[in-house]
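Residue-level structural notes
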Amino acid sequence: MLAKYGLLIFLSCLIPTCHAENWIRVQDQFGHPIENAVVSQLIPATAVNTATTEDSPIMDQINKQFNPHVLIINKGQQVSFPNSDDIRHHVYSFSDTKPFEIKLYKGRKGQPIAFDKSGIVVLGCNIHDQMIGYIYVAENENAALTDKNGMVNLTHPATTINVWHPRLSAQSNLRETFELEPLEKADYSTITLTLSTPKAIGKKKKFKPKKFGVDKD
């Protein structure tokens, strides 16, 4: 009987209302949910799970897109860049956080790349200009990504949070800070971001260096 009730308690905690104070909804100025926003809270350095820095997260390339579109890692982690497409890609970044280049390749190439500085890394492909991805390098942060409904659970109660999204600024490096109000009847806190349109961001970006190579594909 106790095992039965224990299972019911466990299952009930899988729904947002179990820890409502931890759930946050991020929306734009029109009330639409924002996917792929990074919501984070600062935590003591001693609380960072150092074991995760030994893992090697993956930023893949599928259907001429970076997958995932936004990848969250901890400072010090290494990222692998496999190419799951049947054509070659040429990955690069000119971001101050981590400038690097992986020349034309298919499949897997070389060793994972270490990210030893916190910040935002904007990725591009020198062959396919429509390919843009982002790596959020966290430092002493509990960070999570919003889903397609704009929802995120920080797993720990927060009063002050930082929110990042690539369309918050032309350089894609701006974060905004919000103070959360205590919840009364709502099941989650709501944060509103004012985003630029993708077209406006495209005009401002200077993200097209000279081609390093030519791919017939």
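The coordinates are above.
Everything numeric here is computed off the predicted structure, so don't read it as measured data. (Residues numbered from 1 in each chain as written. Predicted model: local features only at pLDDT ≥ 70, side-chain atom pairs only at ≥ 80, totals over all residues. Heavy atoms only, no water.)

1. A word on the side chain of Ser93
Which entries qualify depends on this criterion: Going along the chain from the N terminus, every DSSP run of H or I of four or more residues is numbered as a helix, and every run of E of two or more is numbered as a strand. Polar contact criterion, stated in full: a pair of N or O atoms within 3.5 Å, where within protein one must be able to donate a hydrogen and the other to accept it, and residues adjacent in sequence count only if both atoms are side-chain atoms. Only heavy atoms matter for contacts: two residues are in contact if any of them lie within 4.5 Å across the pair.
Here Ser93 lies in strand β7 (residues 89-93). Polar side-chain contacts of Ser93 include one of 3.4 Å to the backbone oxygen of Lys98. Not counting chain neighbours up to four residues away, the residues in contact with Ser93 comprise Lys98, Pro99, Phe100, Val121, Val122 and Leu123.

2. Some points on the pairing of β7
Put simply, the rule is: Each residue is assigned to one of three classes by its accessible area relative to the maximum for its type, calculated with a 1.4 Å probe on protein chains only: buried under 20%, partly exposed between the two thresholds, exposed over 50%. By this definition, two strands are paired if DSSP reports at least two bridges between them.
Among the five residues of β7, five are classified as buried, and the element is accordingly described as predominantly covered. Burial along β7 is two-sided: His89, Val91 and Ser93 and His90 and Tyr92, pointing in opposite directions, are all buried. Where β7 lies against strand β8 (residues 100-105), four bridges are found, and the strand directions are antiparallel. Across the sheet, Tyr92 pairs through a bridge with Glu101, a residue of β8. Pairing of β7 with strand β10 (residues 119-125) involves two bridges; the strand directions are antiparallel. When the bridges of β10 are listed, Val91 appears paired with Cys125.

3. Concerning the sheet that holds strand β11 (residues 132-138)
Filter applied, for reference: Helix axes are fitted only over the stretch in contact, all axes being lines through C-alpha atoms; the angle between N-to-C directions runs from 0 to 180 degrees.
Reading across from one edge, β5-β11-β10-β7-β8 is the order of the five strands in this open sheet, with mixed pairing throughout. Looking at which strands have only one partner, the edges of the open sheet turn out to be β5 (70-74) and β8. For this sheet, the mean inter-axis angle between neighbouring strands, taken without regard to orientation, is 20 degrees.

4. A few points about the pairing of strand β2 (residues 38-42)
Of all five residues making up β2, four are buried, and the element is well covered by its neighbours. The sheet contact formed by β2 and strand β12 (residues 141-145) spans five bridges and is antiparallel. Opposite Gln41, over in β12, you have Asn142 as the bridge partner. One ladder, built from three bridges, connects β2 with strand β14 (residues 160-164); its direction is antiparallel.

5. Digging into the nonpolar core
As a reminder of what qualifies: Buried residues of nine kinds, namely Ala, Val, Leu, Ile, Met, Phe, Trp, Tyr and Cys, make up a nonpolar core once their side-chain atoms join them within 4.5 Å.
Core analysis: the biggest nonpolar cluster contains 19 residues, and Met59, Val79, Phe81, Phe100, Phe115, Leu123 and Ile135 have the highest contact counts within it. Of all the secondary-structure elements, those providing two or more residues to this core are β5, β8, β10 and β11. Apart from residues no more than four positions distant in its own chain, Met59 is found in contact with Phe66, Asn67, Pro68, His69, Leu71, Val79, Ser80, Phe81, Pro82, Leu123, Tyr134 and Ile135. Ile24, Ile34, Leu154 and Ile161 belong to the second-largest nonpolar core, a separate cluster that totals 17 residues.

6. Comments concerning the sheet that holds β2
Read across the open sheet, the four strands follow the order β12-β2-β14-β15; overall the sheet is antiparallel. Because the sheet does not close on itself, it has two edges, and the strands there are β12 and β15 (175-179). In this sheet, neighbouring strand axes are inclined to one another by 25 degrees on average, regardless of whether the strands run parallel or antiparallel.

7. So, the packing of aromatic side chains
Our working definition: Here a pair means two rings of Phe, Tyr or Trp (six-membered ring of Trp) with centres within 6.5 Å. Their orientation is stacked below 30 degrees between planes, edge-to-face above 60, and tilted elsewhere.
Counted under the stated rule, the structure contains five aromatic pairs. Ring centres of Tyr92 and Phe94 lie 5.2 Å apart, and the angle between their planes is 50 degrees; on these two criteria the pair is classed as tilted. Relative accessible area serves as the criterion here: at 3%, Tyr92 is assigned to the buried category. Where Phe100 meets Phe115, the ring centres are 6.1 Å apart and the plane angle is 90 degrees; that geometry is what we call edge-to-face. In this pair, Phe100 sits in strand β8 while Phe115 sits in the loop between β9 (113-114) and β10, placing the two residues 15 residues apart along the sequence. Just as Phe100 is buried, Phe115 falls in that class too.

8. So, the pattern of salt bridges
Definition in use: Salt bridges are identified by distance alone: a Lys or Arg side-chain nitrogen within 4 Å of an Asp or Glu carboxyl oxygen.
Counted by the stated rule, this structure contains two salt bridges. The closest approach of N and O atoms between Glu139 and Lys75, which form a salt bridge, is 3.2 Å. With Glu139 in the loop between β11 and β12 and Lys75 in the loop between β5 and β6 (78-79), this pair connects stretches of sequence that are 64 residues apart. A salt bridge links Glu141 to Arg175, with the nearest nitrogen and oxygen atoms 2.9 Å apart. Taken together, the residues span a long stretch of sequence, with Glu141 in strand β12 and Arg175 in strand β15 at a distance of 34 residues. In this structure Glu141 comes out as buried when scored by relative accessible area, which is 11%.

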